[in-house]
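Report on the structure
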Amino acid sequence: MFSQRIRRGRSVTALAAVAVSVALVATGCAGGNGNGDGDGDGGGDGELSITFLPKNLGNPYFDTSNAGGEEAIDEFGGTYSEVGPSEASPTSQVSFIQTAAQQGVGALVISANDPEAICDALNEARDAGVKVVTFDSDTNPECRDLFINQATAEGIAKVQVDMIAEQIGDAGQIALLSASANATNQNAWIKIMEEELAANHPNIELVETVYGDDDDQTSFDKTAALLQTYPDLKGIISPTTVGITAAARYLSTSEYKGTVALTGLGTPNQMREYVEDGTVTEFALWNPGDLGYLAAYGAKALIEGDITGEEGDTFDAGRLGEYTVEADATVLLGDPFRFNADNIGDFDF
Ligand code: RAM
């Protein structure tokens, strides 16, 4: 308990420091653009045109991450755009990738709905000169130049298992409410959560994993069905901001409020009312705005040839400082962070 509080405290400070620097940039008080570049280097604005392509449109998580990308692109004088499908299905992003390649954008920053299904389109775009940065949800590594990872898959899996174990007394039935069935990020986290449960939580039984497709209504309906099917259910982990919000809304007006635990990954703004009304005790996430901001600077560094994705490459990421490319052309943002009634008031995203 003690060490947990210390860890929280440190992370609050780190996130709060970021919030202050965002505010300074927003009010024009930041000194310089922070990237150390002169105006004359690199390509022109045309080359620094960067298109963000989320899993689907209408998800506040991606609104925040892509706003972070736009903030970075504004800082370094590039051109930002965002396109995306309405549904987070495996091939729904293909036509948007093809259009961006035809337009000759400098880079595409994409969160993948499927590790494989968009690979051909991405590699065709790369052949046409587009740099491809995945962020949030990766493709197979051979289909992109760089992956900006929000936190390690192990860290994201462990924090969710820890939270549910704490909330249900480390015993009883739980279920998972995920995003779409092919999502690279959720599937990686779920695999490790299953391993972690089997290895260290013998009294927790994972009864089923269901998929809400990162669609609010589908996630809401899947929550209702889970509670009907498993009358002894003690808790739900939803490793998606869309899923956890829909599940919280269902629980908050149901007989299960406060008796069936709900945790996972959520945004503070979407989860605030459910923490305040006692539906949810604690959940986790990272700062999506920082993720998009870092991805945009990674795209810039690729376009300008400062990095190629080699392990050990370093690049400047504005207010976030310098980052190093790790194995498999991956860049790590940081650690997941827990939100609860004590700290949720400090955050606005
Ligand atoms: C949803 C999306 C996204 C994921 C978050 C946690 O917004 O599925 O990919 O990273 O949840």
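Everything below is about the structure printed above this text.
A brief report on the enclosed structure follows. All values reported here derive from a predicted model rather than from experimental measurement.

1. Some remarks on the overall build of the protein chain
- When helices and strands are counted, the protein chain shows ten helices and 14 strands.
- The burial tally for the protein chain puts 54% of its 349 residues in the buried class.
- Partitioning the contacts of the protein chain with sequence separation of at least 6, the portion at a separation of at least 24 is 72%.
- Total accessible area computed for the protein chain in this model is approximately 14,200 Å², and 48% of it derives from carbon and sulfur atoms.

2. Details of the pattern of salt bridges
- Counting across every chain of the model gives ten salt bridges.
- For Arg319, the salt bridge is made with Glu71, and the minimal N-O distance between the two is 3.1 Å. Residue Arg319 is found in the loop between strand E11 (314-316) and strand E12 (322-324), and its partner Glu71 is found in helix H2 (residues 60-75); the two are separated by 248 residues along the sequence.
- Notably, a salt bridge pairs Lys300 with Glu304, separated by 3.1 Å at the nearest N-O pair.
- On the accessibility criterion, Lys300 (6% relative accessible area) is buried.

3. Quick look at the state of the cysteines
- This model, assessed by the stated rule, comprises one disulfide.
- A sulfur-sulfur separation of 2.0 Å characterises the disulfide bridge that pairs Cys119 with Cys143. What sets the handedness of the Cys119 and Cys143 disulfide is the S-S torsion sign, and at about 85° it is right-handed. In this pair, Cys119 sits in helix H4 (residues 119-127) while Cys143 sits in the loop between strand E4 (131-135) and strand E5 (146-149), placing the two residues 24 residues apart along the sequence. The burial state of Cys119 is the same as that of Cys143; both residues are buried.

4. Some details on the sheet that holds strand E8 (residues 233-238)
- Spatial strand order, E7-E6-E8-E9: four strands in an open sheet with parallel pairing. Among the strands making up the open sheet, the edge pair consists of strand E7 (204-211) and strand E9 (261-264). Going from strand to strand, the sheet's axes swing by 25° on average, the running direction of each strand aside.
- Of the strand pairs in this sheet, strand E6 (residues 172-178) and E7 are connected by seven bridges, and their pairing is parallel. Within E7, the residue paired with Ala175 across the bridge is Glu208.
- Contacts between helix H5 (residues 153-167) and the sheet are confined to E6, E7, E8 and E9, with E9 contributing the most and set at about 165° to the helix.
- Sitting on the sheet, helix H8 (residues 241-252) touches E6, E8 and E9, and the angle it makes with E9 is about 165°.

5. Brief notes about the site of the ligand
- Contacts to the ligand come from 16 residues, most closely from Lys55, Asp136, Gln186, Asp214 and Thr241.
- One nitrogen or oxygen atom from the side chain of Asn185 is found 3.0 Å from an oxygen atom belonging to the ligand.
- Relative to its unbound accessible area of 300 Å², the ligand is 100% covered by the protein chains.
- When contributions to the shell around the ligand are tallied by element, the ones reaching two or more residues are H2 and helix H6 (184-200).
- Of the residues forming the shell around the ligand, the biggest block, three residues, is contributed by H6.

6. Quick look at H8
- The end-to-end C-alpha distance of H8, which contains twelve residues, comes to 16 Å, matching closely the 16 Å that a straight helix rising 1.5 Å per residue would cover.
- Listing the buried residues of H8 in full gives Thr241, Val242, Gly243, Ile244, Thr245, Ala246, Ala247, Ala248, Tyr250, Leu251 and Ser252.
- The backbone nitrogen of Val242 has a side-chain oxygen 3.1 Å away, supplied by the residue at the start of H8, namely Thr240.

7. Here's the deal with a negative patch on the surface
- On the surface, a cluster of negative charge is made up of Glu116, Asp120, Glu124, Asp127 and Glu142.
- Counting through the fold element by element, Asp127 comes out in helix H4.
- For Asp127, a relative accessible area of 71% corresponds to the exposed category.

8. A few points about the packing of aromatic side chains
- Enumeration over the complete set of coordinates arrives at 16 aromatic pairs.
- On the basis of an interplanar angle of 25° and a centroid distance of 5.4 Å, the ring pair of Phe283 and Phe339 is categorised as stacked. A residue pair is termed long-range when its members are at least 10 positions apart, and Phe283 in strand E10 (residues 282-285) and Phe339 in strand E14 (residues 337-340) qualify at 56 residues.
- Accessibility expressed as a relative area gives 0% for Phe283, which makes it buried.
- Accessibility expressed as a relative area gives 0% for Phe339, which makes it buried.
- Here the aromatic residues Phe52, Tyr61, Phe62, Tyr80, Phe135, Trp189 and Trp286 are joined through ring pairs into a cluster of three or more.
- A cation over a ring is seen here: Lys300 above Phe76, with NZ or CZ 5.6 Å from the ring centre.
- A cation over a ring is seen here: Arg319 above Tyr293, with NZ or CZ 4.0 Å from the ring centre.

9. Here's the deal with the nonpolar core
- Ranked by size, the top nonpolar core spans 83 residues in total, and within it Ile50, Leu146, Ile148, Leu294 and Phe315 carry the most contacts.
- Residue-level mapping places this core at the junction of two domains, with at least three residues from each of domain 1 (5-151 + 287-336) and domain 2 (153-285).
- Among residues more than four places away in sequence, those in contact with Leu294 are Ile148, Phe315, Ala317, Leu320, Tyr323, Val331 and Leu333.
- If you look at the next biggest cluster of nonpolar residues, it comprises 17 residues, including Ala100, Val105, Ile118 and Leu122.

What counts as what
- Residues numbered from 1 in each chain as written.
- Predicted model: local features only at pLDDT ≥ 70, side-chain atom pairs only at ≥ 80, totals over all residues.
- Heavy atoms only, no water.
- Helix = DSSP H or I, 4+ residues; strand = E, 2+ residues; numbered from the N terminus.
- Buried < 20%, exposed > 50% of the residue type's maximum accessible area, 1.4 Å probe, protein only.
- Contact = heavy atoms within 4.5 Å.
- Areas by Shrake-Rupley, 256 points an atom, 1.4 Å probe, with all protein chains shown as cover.
- Salt bridge = Lys/Arg side-chain N within 4 Å of Asp/Glu carboxyl O.
- Disulfide = S-S within 2.5 Å.
- Pairing = 2+ DSSP bridges.
- Axes fitted to C-alpha atoms, helices over the stretch in contact; angles between N-to-C directions.
- Near = heavy atom within 4 Å.
- Polar contact = N/O pair within 3.5 Å; in protein donor to acceptor, adjacent residues only side chain to side chain.
- Expected span 1.5 Å × (residues − 1).
- Patch = residues over 30% accessible without salt bridge, like charges linked within 9 Å, V, L, I, M, F, W, Y side chains within 5 Å.
- Lys, Arg positive; Asp, Glu negative; His and termini not counted.
- Charge placed at Lys NZ, Arg CZ, Asp CG, Glu CD.
- Phe/Tyr/Trp six-rings, centres within 6.5 Å; stacked < 30°, edge-to-face > 60°.
- Lys NZ or Arg CZ within 6 Å of the ring centre and 35° of its normal.
- Core = buried A, V, L, I, M, F, W, Y, C linked by side-chain atoms within 4.5 Å.
- Domains from an automatic or database assignment.

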